[in-house]
Amino acid sequence: MGAVKLQLPLPKNVDGVTLDPNPDWSFDALLVELNSIEKKLNGSSKFPLPFIKAESRELSASKNNSQRGFIMQVSDDDVVDVERDTKDEVGDHFVKGRKRFACDEIYLSDSDHSEEGLGIELQHDLMDKVGLVESALSELAHEHQLTIAEEMRDQLSALEAEVMDENEKLASTLERVERNTEAQREMSRKFDMQYQRKIAEALDDHLTAVQRDHEHRSQIEERRIRDDAAREEAKRKEKALQEEKARQEMIRAEAKVQARLEAERVEKEKAAALEAERKAAKEAAAAAEKASESLMNAPSEANKVPKDVTSHKHSAVVLSFQMIHQMTEGGNTIRASENAQKLEEKRLMIYNEIASQNEALGSGSNKACRKYEMEIARRIRTITGTKENVRVKADELIKLISDSTCPQSISIAMFAQKVVSLCVNPTGSFNSAVYAYGRVIVLVTSKVPLAMDILIGELNKVCIYAVPKYIIYSEAAFQTKEAYYKAIGYTEEDGKIESTDSYVDRLSAYMKLYGALVQTEVEGCQNLHGLREGWAWIARFLNVLPANLYTAAALQAFLEMAGFALHKRYKTQFRKMLDVIAKDFLTALKDRGDAKLNKVIVNIRNYIESNQFLKEPEGWRLRSNLESHNFTPESDHQQQYGYQQNRYYY
């Protein structure tokens, strides 16, 4: 065991006495110093003195300890306990302020016997030599240790009590929280049951109301179905009655026509028989008198057949057709190709036959036919440039024309006249809707072929350039200019002939309708007057007709409508045709020197030079839906079609 370094666990300065032992002092010097301190303390100490030693702190000479330092024996356990208590109970300032004793001369032996002997001796020496300061310091340290230990025990007891209280409070709180949680769960279960009960009641009420409403609706629907069935039955019976009446009227009218035709035939046969008898008697008398003369004169007499015996169908030719033949007999005033004239005559014969038949049926006085006329006119004037509208209107018109309530010949004539009347006073939307008109015409005539002949015949009657045909003015053929104007298609209103501008506008509308018709191609349907007829028209037009304001306007309108489709079909041939127009027709127009022709010349030249025939015209492709700005209200057409309602078919 090594040397032990002692350090006082007390402040360095107590009542002016500094505790700073010199580790190199001898034992005698230490006694002297302690005696000095005792004297000072006895004189000025504030502490009570437990005892006073009268003897001097001197050791006997026999022990020879005057020059030796004292030896202190300290047990290892005591050192450890003192160090632990000092560190736990005394503040850092005591530890830092302690002085250290250096006991260089203390001999610590490992022998138990020597330690016990030395301990007894040292203890005897220390007890004998303890002074007042040492005892006070020792008592203070001991009291301080006891005080700190007591305080620590008190604090530990307080902490234990506080911890126990906190545990009890925590346990109580947890128990209360569990009770509250259980109460809330129970309340939630009650609320859930109540809510589910309310939901079930509400659902039951709702289902009951739905069932009641469904039953009510079912009753209303059944009542409506019964009422509709009753109305349909009434309409069916009324329609059947009307059809029966119309059929009876048609039968009577046909019987009248047949009777009249039979009477005419009988009269003609009688007249022919009488003429034959007269002729035979005349021949017999002549033969009896002059046999030679009868042989010579018999062939000439046989050739004397009455010129007024003609068929019934030629007696109903319209005024314009009669005027054309009269003008032809008077001189060569008509320019038209031979094929065009034959086709025109054929269509006019069909047209006149239908007109005669309709007149015999009394179309003008038949109320049912007047109703159908209004229905057909309404369908036609509401045609727009959409696919669905065209399909619906075509189906409705086919159904109306095929309806047995009104004779089909009358319905066809109504359809043709209402379509052609679209060109009278055309509106701004006419150019975009004319292709839709052409498509409807093709769809209808594919189901009713006779309607195409009647329509073209109606168009040729109001516009000679659709043939194509031109009438030359001649004083021998026409007594006045007004008569000539009427022959080429001018209209008269309030005794006055319309202006040239108005006539040209109407002429252009007719030709646009004709051009839109011939260029129309519908998948699954045959156009009875298609592009082949359009190519023939333009060829006949350029070969026969002269170049003037009327023919130029007709050509411009036709090219604007049909040029795109003609180029798609004929390509290079059509371009050659346009070259002929640019070199010959436009040159002839320019040579006339008429200022009114400048506009149409510029328009045709611009059409050819800018290749407008390569672009789709406006309205050529039908739209999928209807745009509001292209819709034409029904009121805009009332003026166009209102005056046609009272027109009879003849």
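Residues numbered from 1 in each chain as written. Predicted model: local features only at pLDDT ≥ 70, side-chain atom pairs only at ≥ 80, totals over all residues. Heavy atoms only, no water.

Caption draft 1: Structural context of the environment of leucine 348. Within the fold, leucine 348 resides in helix 8 (residues 338–361). Leucine 348 sits 106 residues away from isoleucine 454 along the chain, and the two C-alpha atoms are 8.3 Å apart. (Helix = DSSP H or I, 4+ residues; strand = E, 2+ residues; numbered from the N terminus.)

Caption draft 2: How the structure looks around the packing of helix 15 (residues 500–518) against helix 16 (residues 531–544). Where helix 15 contacts helix 16, the two axes come as close as 8 Å, and the packing angle between them is 135°. Taken together, the axis directions place helix 15 and helix 16 in an arrangement best described as oblique. Between helix 15 and helix 16, the residues in contact are Met511, Tyr514 and Val518 and Leu531, Glu533, Gly534 and Trp537, respectively. A class-by-class count of the residues in the contact of helix 15 with helix 16 yields five nonpolar, one polar and one charged. (Axes fitted to C-alpha atoms, helices over the stretch in contact; angles between N-to-C directions. Parallel < 35°, antiparallel > 145°, perpendicular 65-115°, else oblique. Contact = heavy atoms within 4.5 Å. Nonpolar A, V, L, I, M, F, W, Y, C, P; charged D, E, K, R; others polar.)

Caption draft 3: Region of interest: the packing of helix 8 against helix 11 (residues 408–420). Packing of helix 8 against helix 11 leaves a shortest axis separation of 9 Å and a crossing angle of 120°. By the angle between their axes, helix 8 is oblique relative to helix 11. For the pair helix 8 and helix 11, the sense of crossing is left-handed. On helix 11, the residues that touch Ile354, Gln357, Asn358 and Leu361 of helix 8 are Ser409, Ile410 and Ala413. Per-class residue counts for the contact of helix 8 with helix 11 are four nonpolar, three polar and no charged. (Left-handed = near helix turned anticlockwise from the far one by under 90°.)

Caption draft 4: Focus on empty space enclosed by the protein. Throughout the structure, instances matching the rule amount to nine cavities of 30 Å³ or more. In this structure, the second largest cavity encloses a volume near 90 Å³. What lines the second largest cavity is a set of 13 residues, among which Arg347, Val467, Tyr514, His529 and Arg540 lie closest to the centre. Counting only elements with at least two residues in the lining of the second largest cavity, the list comes to helix 8, helix 13 (450–462) and helix 16. (1 Å grid on protein atoms, 1.4 Å probe; cavity = no way out; pocket = protein on both sides within 12 Å on 5 of 7 lines; lining within 4 Å. Points joined across faces, edges and corners; volume = space filled by probe spheres on them.)

Caption draft 5: The arrangement of the nonpolar core in detail. If you look at the biggest cluster of nonpolar residues, it comprises 105 residues, and the most contacted ones within it are Phe415, Tyr465, Met511, Phe558 and Ile581. Broken down by element, the residue count for this core peaks at 14 residues, all from helix 17 (residues 549–570). Setting aside anything within four residues of it in sequence, one finds isoleucine 581 in contact with Ile538, Leu542, Leu555, Leu559, Leu586, Ile604 and Ile608. (Core = buried A, V, L, I, M, F, W, Y, C linked by side-chain atoms within 4.5 Å. Buried < 20%, exposed > 50% of the residue type's maximum accessible area, 1.4 Å probe, protein only.)

Caption draft 6: Expanded view of the packing of aromatic side chains. Going through the model one piece at a time under the given rule, you end up with 18 aromatic pairs. Seen from their ring centres, tryptophan 537 and phenylalanine 541 are 4.9 Å apart, and the 25° between their planes marks the pair as stacked. In this pair, tryptophan 537 and phenylalanine 541 both sit in helix 16, four residues apart, roughly one turn of the helix. Each member of the pair, tryptophan 537 as well as phenylalanine 541, carries the same accessibility label: buried. Ring centres of tyrosine 607 and phenylalanine 613 lie 6.2 Å apart, and the angle between their planes is 55°; on these two criteria the pair is classed as tilted. (Phe/Tyr/Trp six-rings, centres within 6.5 Å; stacked < 30°, edge-to-face > 60°.)

Caption draft 7: Quick look at a negative patch on the surface. Taken together, the side chains of Glu162, Asp165, Glu166 and Glu168 make up a negatively charged region of the molecular surface. Residue placement: glutamate 162 occurs in helix 5 (residues 132–289). Given the relative accessible area of 46%, glutamate 162 is considered partly exposed. (Patch = residues over 30% accessible without salt bridge, like charges linked within 9 Å, V, L, I, M, F, W, Y side chains within 5 Å. Areas by Shrake-Rupley, 256 points an atom, 1.4 Å probe, with all protein chains shown as cover. Salt bridge = Lys/Arg side-chain N within 4 Å of Asp/Glu carboxyl O. Lys, Arg positive; Asp, Glu negative; His and termini not counted. Charge placed at Lys NZ, Arg CZ, Asp CG, Glu CD.)

Caption draft 8: Layout of helix 11. Along its 13 residues, helix 11 runs 18 Å from first to last C-alpha, staying within 8% of the 18 Å computed at 1.5 Å per residue. Of all the 13 residues making up helix 11, twelve are buried; the element is thus mostly covered by neighbouring parts of the structure. If you check which residues of helix 11 are buried, you get Ser409, Ile410, Ser411, Ile412, Ala413, Met414, Phe415, Ala416, Gln417, Lys418, Val419 and Val420. (Expected span 1.5 Å × (residues − 1).)

Caption draft 9: A look at helix 13. Its 13 residues give helix 13 an end-to-end C-alpha distance of 19 Å, which sits within 8% of 18 Å, the value for a rise of 1.5 Å per residue. Elements that come into contact with the buried residues of helix 13 comprise helix 8, helix 11, helix 12 (430–447) and helix 15.

Caption draft 10: The UniProt feature "coiled-coil region" (unreviewed entry) in the protein chain, seen in detail. Per the UniProt record, "coiled-coil region" (unreviewed entry) is found at residues 149–187. Helix makes up 100% of residues 149–187 and strand 0%. Its end C-alpha atoms lie 56 Å apart. (UniProt positions renumbered as here; feature names shortened; annotations may be inferred.)

Caption draft 11: Broad picture of unusual backbone geometry. With an omega of 0°, the peptide bond running from valine 467 to proline 468 counts as cis. Mapping proline 468 onto the fold places it in the loop between helix 13 and strand 6 (470–471).

Caption draft 12: The pattern of salt bridges, seen in detail. Summed over all chains, the structure comprises 23 salt bridges. Here glutamate 375 ties to arginine 379 by a salt bridge, and the two come within 2.6 Å at their closest N and O atoms. In this pair, glutamate 375 and arginine 379 both sit in helix 9 (residues 367–381), four residues apart, roughly one turn of the helix. Overall, the relative accessible area of 24% leaves glutamate 375 in the partly exposed class. Relative accessible area serves as the criterion here: at 13%, arginine 379 is assigned to the buried category. Here arginine 605 and glutamate 609 are joined by a salt bridge, their closest N and O atoms 4.0 Å apart. Note that arginine 605 and glutamate 609 are positioned in helix 19 (residues 598–609) at a spacing of four residues, about one turn of the helix. For glutamate 609, a relative accessible area of 60% translates into the label exposed. Linked by salt bridges that have partners in common, Glu182, Arg185, Glu186 and Arg189 make up one network.

Caption draft 13: The arrangement of the confidence of the model for the protein chain in detail. Mean pLDDT over the protein chain stands at 76; residues scoring 70 or higher make up 69%. Within the protein chain, helix 17 carries the highest mean pLDDT (95), whereas helix 6 (residues 291–302) carries the lowest (35). This model gives residues 49–74 a pLDDT under 50, and the stretch forms 50 contacts once residues within four places in sequence are excluded. Confidence drops under a pLDDT of 50 for residues 628–650, and excluding neighbours within four residues, the segment shows 45 contacts in the predicted structure. (pLDDT = per-residue confidence, 0-100.)

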